[in-house]
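Report on the structure
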Amino acid sequence: MLIKNSIFPNNQAQEKKIAGIYEDINPGFINLLRNDLVNPKPLMICGGGTSSMCAADGHWTLDLRRNFQEIKFDNVKKEISIEGGVSMQRLIEKTSEFNRSFPIGLSAETGIGYILTGGISPLSRKYGLAIDNILEISGIWGNGEKFKLFKPNEKGNKNEKLKWKGLCGAAPFLAIITSLRLQTQQLKPICGWETSLSSSQLAETIAMAEEWPNSASLYWIWGNNIKAYGVYELDTLEDFYTYQDLINQIPKTNDFITYNIENISRIRKLKDSGIINKSLNTQHSEVLGLLGPKTNNKISIMVKDIEKLIKSRPSESSFISSQQLGGLTMNKGIDSTSFIHRDSMWKPWITGSWDSGDIQGRQISLNWIEDSWEALKSFFPGVHLAQMHPHLKWHRQEINAAFKNWLPELKVLKSNYDPKGILPPL
Ligand SMILES: Cc1cc2nc3c(=O)[nH]c(=O)nc-3n(C[C@H](O)[C@H](O)[C@H](O)COP(=O)(O)OP(=O)(O)OC[C@H]3O[C@@H](n4cnc5c(N)ncnc54)[C@H](O)[C@@H]3O)c2cc1C
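Let's talk about the site of the ligand
Taken together, the neighbourhood of the ligand is formed by 30 residues, with G47, G49, T50, S51 and G111 sitting nearest. Contacts to the ligand include G113, whose backbone N or O atom sits 3.0 Å from an oxygen atom. Y114 places a polar main-chain atom, nitrogen or oxygen, 3.4 Å from an oxygen atom of the ligand. Computed on the free molecule, the ligand has an accessible area of 950 Å², of which 90% lies beneath the protein chains in the complex. When contributions to the shell around the ligand are tallied by element, the ones reaching two or more residues are strand 3 (44–46), helix 4 (113–116) and strand 10 (175–183). Of the residues that constitute the shell around the ligand, the class distribution is 16 nonpolar, 14 polar and no charged.

Dropping the structure here:
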């Protein structure tokens with residue numbers, strides 16, 4: 001079906017004047033891909049619609065949310081199959097029914113784009129990135145050819161390994177993913193905490209987190225004030241005592257709280273409590289995700305640099321946040337997926353916001369994002385393309401920082417499987 005409009009959760013996407021929406025992948029749609037009839041390019045894809053990239057002025061969007069909702073759990077193999085329009089909320093609800101879990105991110109609102117772009121979860125230190133848990137991928141290459149690929153083993157042929165590597169972390173440039181089969185983990189209780197911190201307390205907490213066991217993970221936001229959050233997944237009673245020690249040691253202030261939850265979708269959301277007067281519906285933003293290793297003895301300098309950036313932020317809803325990787329995310333070789341920054345322990349991201357329609361405010365915010373990237377590059381040299389920006393001048397630079405030495409081979413894959421550039425450019 002072809003319709004004129006749709007509702008996207010992302011404010012910016014919602015305000016775009018799009019050409020129209022495709023909701024089916026039928027022979028007519030495949031014909032458009034095969035014969036290079038998508039105009040203008042690229043075709044935008046909407047999985048969950050939470051990023052600004054699912055719609056663009058004058059462009060067509062393929063919206064998977066209505067017709068790609070199938071979700072099936074295999075209770076023997078403990079695997080789950082999801083179609084391309086399934087949200088992380090539905091994924092976790094389904095796995096929970098069977099006492100299983102999946103490393104979803106800080107918000108369950110996101111769609112399959114979360115998994116395809118890497119998928120950094122507070123549980124990733126224990127279970128790897130979301131892409132590390134994919135077993136099978138089905139979809140349509142940008143050239144209109146259908147495919148179904150299985151996770152290759154050591155002896156797999158080179159071409160299959162290359163395609164798998166491309167799709168795990170760089171799928172949005174190569175293909176439309178219609179379904180995934182994923183491995184799941186035993187559902188276990190999760191304890192969490194949250195507290196406001198001073199900048200020196202944040203530095204202290206980061207230093208501690210760099211030594212935590214893989215069951216523990218830190219995330220924080222710095223805007224009007226600093227708020228830090230932690231989670232700890234419990235396997236044994238012993239773990240509970242380790243968790244108790246950990247929360248006894250961390251710096252905390254008056255608003256410190258702890259909580260227990262039955263699954264990862266219920267963790268506390270990052271919230272900049274200082275924002276009072278803004279209607280979130282009128283705020284637009286761009287987000288740039290960085291990646292870098294353990295900060296070790298550079299933590300205080302890094303925190304001071306962030307403090308300076310926060311002082312110069314363009315609006316009260318612009319902020320810098322971070323989440324933790326490490327543990328199992330570091331165990332994978334850089335050859336198996338397009339997420340090549342396997343030495344990363346931190347993913348800080350910079351959110352620059354402005355009021356809808358404020359062209360000057362937008363430019364000031366984009367400049368601040370760029371300046372912040374420059375200031376933090378020495379600590380966090382990589383980029384996590386959870387949000388990509390083909391419409392901004394730094395796109396080439398972000399692609400280079402995301403894929404580094406893998407980029408030339410990725411471009412070869414792109415020229416084979418999306419030769420007409422139907423999907424976003426590399
Ligand atoms: C509140 C919030 C919290 C977040 N927390 C985390 C986090 O903890 N960890 C993390 O890693 N990321 C996180 N993100 C980033 C998020 O995972 C990415 O922005 C992701 O791309 C969103 O996917 P989506 O399907 O919801 O969005 P969409 O806007 O629908 O899709 C984003 C892009 O993904 C690609 N895409 C989507 N579906 C397909 C498909 N079927 N085939 C091919 N390409 C596709 C397209 O290029 C599309 O433009 C968060 C985002 C938000 C808004």
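What about the pairing of strand 12 (residues 190–197)?
For strand 12, the buried fraction is high: 8 of the 8 residues fall into the buried class. Residues I190, G192, E194 and S196 point to one face of strand 12 and C191, W193, T195 and L197 to the other, with burial holding for every one of them. Direction of pairing for strand 12 relative to strand 14 (residues 226–233): antiparallel, over a ladder of 8 bridges. Counted as the bridge partner of T195 is A228 from strand 14.

Remarks on the pattern of salt bridges
Considering all chains together, one arrives at 23 salt bridges under this definition. With its nearest N and O atoms 3.7 Å apart, the salt bridge here joins D255 to K227. Here D255 is found in the loop between helix 8 (237–249) and strand 15 (257–261), whereas its partner K227 is found in strand 14, with 28 residues between them in sequence. Accessibility expressed as a relative area gives 31% for D255, which makes it partly exposed. Assessed through its relative accessible area of 9%, K227 is described here as buried. With a closest N to O distance of 2.8 Å, R266 and E262 form a salt bridge. Here the salt bridges do not stand alone but share partners, grouping E79, E136, K148 and R181 into one network.

As for the domain arrangement of the chain
The assigned domain composition of the chain is domain 1 (2–63), domain 2 (71–186) and domain 3 (190–405). Taking only C-alpha atoms into account, the centre of domain 2 sits 23 Å from that of domain 3. Facing the 32 residues of domain 2 at the interface are 43 residues of domain 3. Overall, the association of domain 2 and domain 3 removes approximately 2900 Å² of surface from exposure, summing both partners, and the carbon and sulfur fraction of that is 61%. Remark: the boundary between domain 2 and domain 3 carries 4 salt bridges. Close ionic contact of D132 with R342 constitutes a salt bridge, the shortest N to O distance being 2.8 Å.

Some points on helix 2 (residues 27–34)
Within the sequence span of helix 2, burial applies to F29, I30, L32 and L33. The buried residues of helix 2 occupy an angular sector of 150° when the element is viewed end-on, so they sit on one face. Projecting away from the buried face of helix 2 at angles above 90 degrees are the exposed residues P27 and R34. A positive phi of about 55° marks D36, the residue just after helix 2.

Some points on the packing of helix 6 (residues 158–170) against helix 12 (residues 407–417)
Two numbers describe how helix 6 lies on helix 12: the axes approach to 10 Å, and their chain directions differ by 95°. Our classification of the angle between helix 6 and helix 12 gives roughly perpendicular. Packed against helix 6, whose contacting residues are N159, L162, K163, G166 and A170, the element helix 12 presents E409, L410, L413 and Y417 at the interface. Counted by class, the contact of helix 6 with helix 12 contains 5 nonpolar, 2 polar and 2 charged residues.

Here's the deal with the pairing of strand 14
Among the 8 residues in strand 14, 8 count as buried, and that is most of the element. Residues I226, A228, G230 and Y232 point to one face of strand 14 and K227, Y229, V231 and E233 to the other, with burial holding for every one of them. Where strand 13 (residues 216–222) and strand 14 come together, 7 bridges link them in antiparallel fashion. Bridging across to strand 14, A216 finds its partner in Y232. With antiparallel pairing between neighbouring strands as the criterion, strand 13 and strand 14 make up a hairpin whose turn holds 3 residues.

Analysis parameters
Residues numbered from 1 in each chain as written. Predicted model: local features only at pLDDT ≥ 70, side-chain atom pairs only at ≥ 80, totals over all residues. Heavy atoms only, no water. Near = heavy atom within 4 Å. Polar contact = N/O pair within 3.5 Å; in protein donor to acceptor, adjacent residues only side chain to side chain. Areas by Shrake-Rupley, 256 points an atom, 1.4 Å probe, with all protein chains shown as cover. Helix = DSSP H or I, 4+ residues; strand = E, 2+ residues; numbered from the N terminus. Nonpolar A, V, L, I, M, F, W, Y, C, P; charged D, E, K, R; others polar. Buried < 20%, exposed > 50% of the residue type's maximum accessible area, 1.4 Å probe, protein only. Pairing = 2+ DSSP bridges. Salt bridge = Lys/Arg side-chain N within 4 Å of Asp/Glu carboxyl O. Domains from an automatic or database assignment. Contact = heavy atoms within 4.5 Å. Buried area = accessible area lost by both parts, 1.4 Å probe. Arc of directions from axis to C-beta. Axes fitted to C-alpha atoms, helices over the stretch in contact; angles between N-to-C directions. Parallel < 35°, antiparallel > 145°, perpendicular 65-115°, else oblique.

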